[in-house]
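Per-entry structural report
Chain by chain, the residues run as shown.
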Amino acid sequence: MIASIRPAPNPAAVPEPDIALAEKLFAELRERTGTAAGITRASYGLGEQIAHDMVRREANRLGMTCETDAGCNLYATLRTGPDGAERRPAIFVGSHLDSVPLGGNFDGAAGVLAGLAVAAGYRRAGILPPQDLTVAAIRAEESTWFGASYIGSRAALGRLEGSELDGVLRAGDLIRLGAAIDAAGGDTAALRRREAFLDQRRVGVFIEPHIEQGPALVDEARPVGIVTGIRGSFRHRQARCLGVYAHSGATPRRSRRDAALAVARLMVALDDSWFRLAEAGHDLVVTFGQLATDAAEAAFSKIAGRVDFSLDVRSQSTETLTLMRAELARAVASIEREQGVRFELGEETSSQPALMDPEIIEAFAALAERDDVPTLVMPCGAGHDAAVFAQAGIPTGMLFIRNRNGSHNPREAMEMADFAAACRILAAFCLRELRPAP
Ligand SMILES: [Zn+2]
């Protein structure tokens, strides 16, 4: 555990990151893992392997020490002392190298190439940071391939379930996760023993630079975002409301059990709760992403007897999620009573929020200010490997890089100038000495 981060001794000594190298590697990645329709780097598949091989090639060229773990994650380290010497916890900078099918070139890869650009800058300047700098290329972050989240980072931390290795299949070719990991050169026997390759003795801090996947930085005209936390969630993916189908003209108001109206009331009730909690300073987003009457039974002249819907509630605060669960229960009970309907919310799935380290947030803010880089301190709505590291008790930070057109599509648009601004903040951060907690 790291107690504090000393200020950089001499701000003028921060080595300029090698942005030209990153630009060249982005182009090579696009060329080798993409088509006109988009970028495809399947988890433990061909595209991801090409990306890992490229990063290893460049890291070797920079004289970094390369290691892989049982889950085939790649760690390239710029070492401060001789091999074999006792190592202090390192600064890890990284992200994932897989992509969704026909996705964009920057989601994930920007974080790994930012780490390489910073390491290459140190090499070029002929200086070493006060502690090891490890560039981490994490496997299989995109859940679209195996339907499971954060496979690589959980493997690194000994948190992958044996049942996932056997039971989870890759979309398309239906290869089992365990077989795909072994085929890529991993060691599923070690993963089954839940051996952690990384822990707090090795990882002093984990920093994930990532393109922003929403519009906040573009809207606010800021090149860099400093993430406060990754939202946790509770979801009801298959909820429904059951009323009674009846004639729309012949059924008086008092006799109606209208499922469509009931769900609409639930939406408005939770929107009111969201507004109230947000006004009181809570971080919260509430989404009814799917909403449908039964296509076979519903009709223009019928009162809806059934509506299927989904509900996705996310917040950086566990307490806020608990409050929203209570708001949901209250709203459901009162609408059921007043409308004569029944809600079946179905199974709840959930994830825990992950807060970023306050000292890292503060350090990023100070370094950005020194560089005159306008930043936005903001929550993160999407999941990232950083959440897994934070939940493992490792001090974690995230930098967002401004990006147009969202992500998971080939129109992702990150300006290299914005990427460079984030890399400079990182390079300065790496010059700070991590002090172990007493
Ligand atoms: Zn990503």
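Remember, predicted model here, so these are calculated numbers, not experimental data. (Residues numbered from 1 in each chain as written. Predicted model: local features only at pLDDT ≥ 70, side-chain atom pairs only at ≥ 80, totals over all residues. Heavy atoms only, no water.)

1. Concerning the coordination of the zinc ion
- Taken together, the protein ligands of the zinc ion are His96 (NE2), Asp107 (OD) and His210 (NE2), with distances of 2.0 to 2.1 Å.
- Read N to C, the donor residues that coordinate the zinc ion are spaced as H-x10-D-x102-H. Highlighted residues: His96 in strand β6 (residues 90-96) and His210 in strand β8 (residues 203-211), separated in sequence by 114 residues. His210 shares its class with His96; the two are buried. (Donors = N, O, S within 2.8 Å, 3.2 Å for Na, K, Ca; no water. Helix = DSSP H or I, 4+ residues; strand = E, 2+ residues; numbered from the N terminus. Buried < 20%, exposed > 50% of the residue type's maximum accessible area, 1.4 Å probe, protein only.)

2. Brief notes about the domain arrangement of the chain
- When cut into domains, the chain gives domain 1 (2-231 + 353-436) and domain 2 (232-351).
- The gap between the C-alpha centroids of domain 1 and domain 2 is 38 Å.
- Facing nine residues of domain 1, the contacting portion of domain 2 comprises 11 residues.
- When domain 1 packs against domain 2, the two sides together hide about 690 Å² of surface, and 49% of this comes from carbon and sulfur.
- Where domain 1 meets domain 2, there are one salt bridge.
- The interface formed by domain 1 and domain 2 includes five residue pairs in polar contact (both at pLDDT 80 or more).
- Among the elements that make up the side of domain 1 that touches domain 2, the one with the highest residue count is strand β9 (residues 224-230) (three residues). (Domains from an automatic or database assignment. Contact = heavy atoms within 4.5 Å. Buried area = accessible area lost by both parts, 1.4 Å probe. Salt bridge = Lys/Arg side-chain N within 4 Å of Asp/Glu carboxyl O. Polar contact = N/O pair within 3.5 Å; in protein donor to acceptor, adjacent residues only side chain to side chain.)

3. As for unusual backbone geometry
- Backbone geometry at Cys72 places phi at a positive 70°, although glycine is not the residue there.
- Structurally, Cys72 can be placed in the loop between β4 (65-68) and β5 (74-78).
- On the accessibility criterion, Cys72 (5% relative accessible area) is buried.
- Despite not being glycine, Asp372 shows a phi value in the positive range, around 60°.
- By the element assignment, Asp372 lies in the loop between α12 (358-370) and β19 (375-380).
- By relative accessible area, which is 69% here, Asp372 ends up exposed.

4. Some thoughts on the packing of helix α10 (residues 259-279) against helix α11 (residues 318-339)
- Axis separation between α10 and α11 bottoms out at 10 Å; the angle between their running directions is 145°. In terms of crossing hand, the pair formed by α10 and α11 is right-handed. The residues of α11 that touch α10, namely those facing Leu261, Ala262, Arg265, Leu266, Ala269, Leu270, Ser273, Arg276 and Leu277, are Leu323, Met324, Glu327, Leu328, Ala331, Val332, Ile335, Glu338 and Gln339.
- Looking at the contact of α10 with α11 residue by residue, the class counts come to 12 nonpolar, two polar and four charged. (Axes fitted to C-alpha atoms, helices over the stretch in contact; angles between N-to-C directions. Left-handed = near helix turned anticlockwise from the far one by under 90°. Nonpolar A, V, L, I, M, F, W, Y, C, P; charged D, E, K, R; others polar.)

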